[in-house]
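# Fold and geometry: a report
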Amino acid sequence: MTVVVPCYCEAANVRPLVDALTLALAGRDWEVVFVDDNSPDGTIEVVRKLARTNWRVRGISRIGRRGLSTAVIEGALSSSARYVAVMDGDLQHDETRLGTMIDALTSGCCDIAVGSRHVEGGDNSGLANVWRHALSDGGIRLAQMILPVKLGDPMSGFFAFRRDWFVNIAPRLSGAGFKILMDIILSAPEPPRVEEIACTFKPRLAGESKLDIMVMIQFLGLMLDKMFHGWLPIRFLVFASVGAIGVLVNIAIMNVLRLAGMEFAIAQSVGTLAAMLINFWLDNTLTYRDRRLKGTRLYGGLFVFLVVCSVGAWANIGIAQIFQQGGQTFDKASAAGAVIGVVWNYAVSSTLIWRRK
């Protein structure tokens with residue numbers, strides 16, 4: 001079997017996790033693949049050092065791309081084992097349950113064995129605080145509304161599956177966000193057979209948790225993507241939401257300035273600039289989270305964004321003026337111009353600012 005561990009900034013947990021797996025999987029044929037998203041703490045170097053003396057350890061270093069789901073996909077597809085298990089690199093998943101999960105798959109009773117905190121014998125106390133409990137519980141309730149199978153813990157990141165079954169599903173996966181189990185279940189052509197294995201979610205000992213409100217927003221995007229059967233990609237849905245916020249900002253600022261006596265063209269210009277700045281920040285934080293710009297690249301990206309989008313901004317103003325002169329209300333004219341800016345912003349964002357390397 002192959003244990004896939006997607007990780008980011010988990011250097012302190014690599015060796016303890018391998019030691020724990022060695023004990024838990026004694027007598028079994030196994031390997032562990034750490035898929036690291038170019039962690040600044042040197043996680044992949046720790047993995048490589050360990051791999052030089054332990055043939056069970058492998059590492060995949062990803063440059064220019066991030067994301068738990070795509071890390072899991074790449075790790076699973078790199079395996080030649082019959083069974084693949086997925087677990088976090090933070091030592092919070094109960095590695096002693098891996099044997100039971102694999103045995104469930106070997107028996108042929110299921111396609112996926114899920115380490116569940118929400119069945120008899122499971123324990124969710126390892127979540128850090130009330131806020132993280134609320135995020136997790138809220139996500140579970142939402143997921144259960146659309147899942148084609150009964151699953152008590154659809155937010156689990158601890159599960160195992162047959163590799164040949166997964167390979168057939170892989171082309172259907174969206175690969176977005178952090179909740180890959182949901183993606184796998186909703187991408188299967190037929191509802192999979194699921195077996196839940198009670199497990200304990202342990203407290204984190206080192207590193208930082210990745211569960212935050214942005215993860216939940218991406219989770220909602222995944223649900224929408226699956227509900228629309230992939231016709232509306234997650235990134236487009238998130239980008240459209242960001243664009244809508246920009247439109248509201250544009251209109252609000254334009255109206256305030258108009259009430260202050262400013263001419264329409266000037267008020268629209270100021271509103272457009274503010275919307276562009278808001279959109280850039282939100283897109284960098286949310287829409288392109290996996291390609292997020294930092295440091296000097298952030299300022300460089302903002303500069304290029306403003307320069308290139310100035311073309312869209314002038315189109316925004318021009319279209320708004322045409323609509324306003326044609327007898328439309330200021331709000332409708334401003335919204336029409338803002339739509340032009342959003343379309344141009346999307347093209348620039350995907351091809352020049354946050355392009356995949």
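These numbers come from a predicted model, not from an experiment.

Cut-offs applied
Residues numbered from 1 in each chain as written. Predicted model: local features only at pLDDT ≥ 70, side-chain atom pairs only at ≥ 80, totals over all residues. Heavy atoms only, no water. Helix = DSSP H or I, 4+ residues; strand = E, 2+ residues; numbered from the N terminus. Contact = heavy atoms within 4.5 Å. Areas by Shrake-Rupley, 256 points an atom, 1.4 Å probe, with all protein chains shown as cover. Phe/Tyr/Trp six-rings, centres within 6.5 Å; stacked < 30°, edge-to-face > 60°. Buried < 20%, exposed > 50% of the residue type's maximum accessible area, 1.4 Å probe, protein only. Core = buried A, V, L, I, M, F, W, Y, C linked by side-chain atoms within 4.5 Å. Salt bridge = Lys/Arg side-chain N within 4 Å of Asp/Glu carboxyl O. Pairing = 2+ DSSP bridges. Axes fitted to C-alpha atoms, helices over the stretch in contact; angles between N-to-C directions.

### Let's talk about the overall build of the chain
- In terms of helices and strands, the chain carries 12 helices and 7 strands.
- Relative to all contacts within the chain whose residues are 6 or more apart in sequence, the contacts with residues 24 or more apart total 77%.
- Accessible surface for the chain amounts to roughly 16600 Å². Of this, 61% is attributable to carbon and sulfur atoms.

### Focus: the packing of aromatic side chains
- Following the criterion strictly, the structure yields 6 aromatic pairs and no others.
- Summarising the aromatic geometry, the rings of Phe 280 and Trp 354 are spaced 5.3 Å apart at their centres and angled 35 degrees between planes, so their arrangement reads as tilted. A residue pair is termed long-range when its members are at least 10 positions apart, and Phe 280 in helix 10 (residues 264-287) and Trp 354 in the segment after helix 12 (330-353) qualify at 74 residues. Taken as a pair, Phe 280 and Trp 354 share a single burial class, namely buried.

### Some details on the nonpolar core
- Within the largest apolar cluster, 31 residues are counted, with the highest numbers of intra-cluster contacts made by Met 1, Val 3, Leu 21, Val 32, Phe 34, Met 87 and Leu 98.
- Dropping the residues within four chain positions of it, Phe 34 is found in contact with Val 5, Cys 7, Val 14, Leu 17, Val 18, Val 47, Val 57, Arg 58, Gly 59 and Ile 60.
- Counting 29 residues, the second-largest nonpolar core is a separate cluster that includes Ala 71, Ala 170, Ile 180 and Ile 185.

### Describing the environment of Val 114
- Here Val 114 lies in strand 5 (residues 112-116).
- We classify Val 114 as buried; its relative accessible area is 0%.
- When the C-alpha atoms of Val 114 and Met 101 are compared, they prove to be 7.3 Å apart, with 13 residues separating the residues in sequence.

### With respect to the environment of Asp 29
- Mapped onto the secondary structure, Asp 29 falls in the loop between helix 1 (11-24) and strand 2 (31-36).
- In this structure, the C-alpha to C-alpha distance between Asp 29 and Ala 81, residues 52 residues apart in sequence, is 9.4 Å.
- The residues contacting Asp 29, other than those within four sequence positions of it, are Met 1, Trp 55 and Arg 56.

### Topic: the pattern of salt bridges
- The tally for this structure, following the rule as stated, stands at 9 salt bridges.
- With a closest N to O distance of 3.2 Å, Asp 103 and Arg 28 form a salt bridge. Taken together, the positions of Asp 103 in helix 4 (residues 98-106) and Arg 28 in the loop between helix 1 and strand 2 put the pair 75 residues apart, joining distant regions of the chain.
- Taking relative accessible area as the criterion, Asp 103 reaches 40% and is therefore assigned partly exposed.
- The class of Arg 28 is partly exposed, set by a relative accessible area of 29%.

### A short note on the pairing of strand 6 (residues 159-162)
- For strand 4 (residues 83-86) and strand 6, the ladder comprises 4 bridges, and the chain directions are antiparallel. Bridge assignment links Ala 85 to a residue of strand 6, and that residue is Ala 160.

### Let's talk about the sheet that holds strand 2
- Ordered in space as 3-2-1-4-6-5-7, the 7 strands form an open sheet in which the pairing is mixed. Pairing within the sheet leaves two strands with one partner each, and these edge strands are strand 3 (57-61) and strand 7 (194-198). On average, adjacent strands in this sheet sit at an angle of 20 degrees to one another, irrespective of strand direction.
- Here helix 3 (residues 68-77) sits on the sheet in contact with strand 1 (2-7), strand 2, strand 3, strand 4 and strand 6, set at roughly 150 degrees to strand 1.

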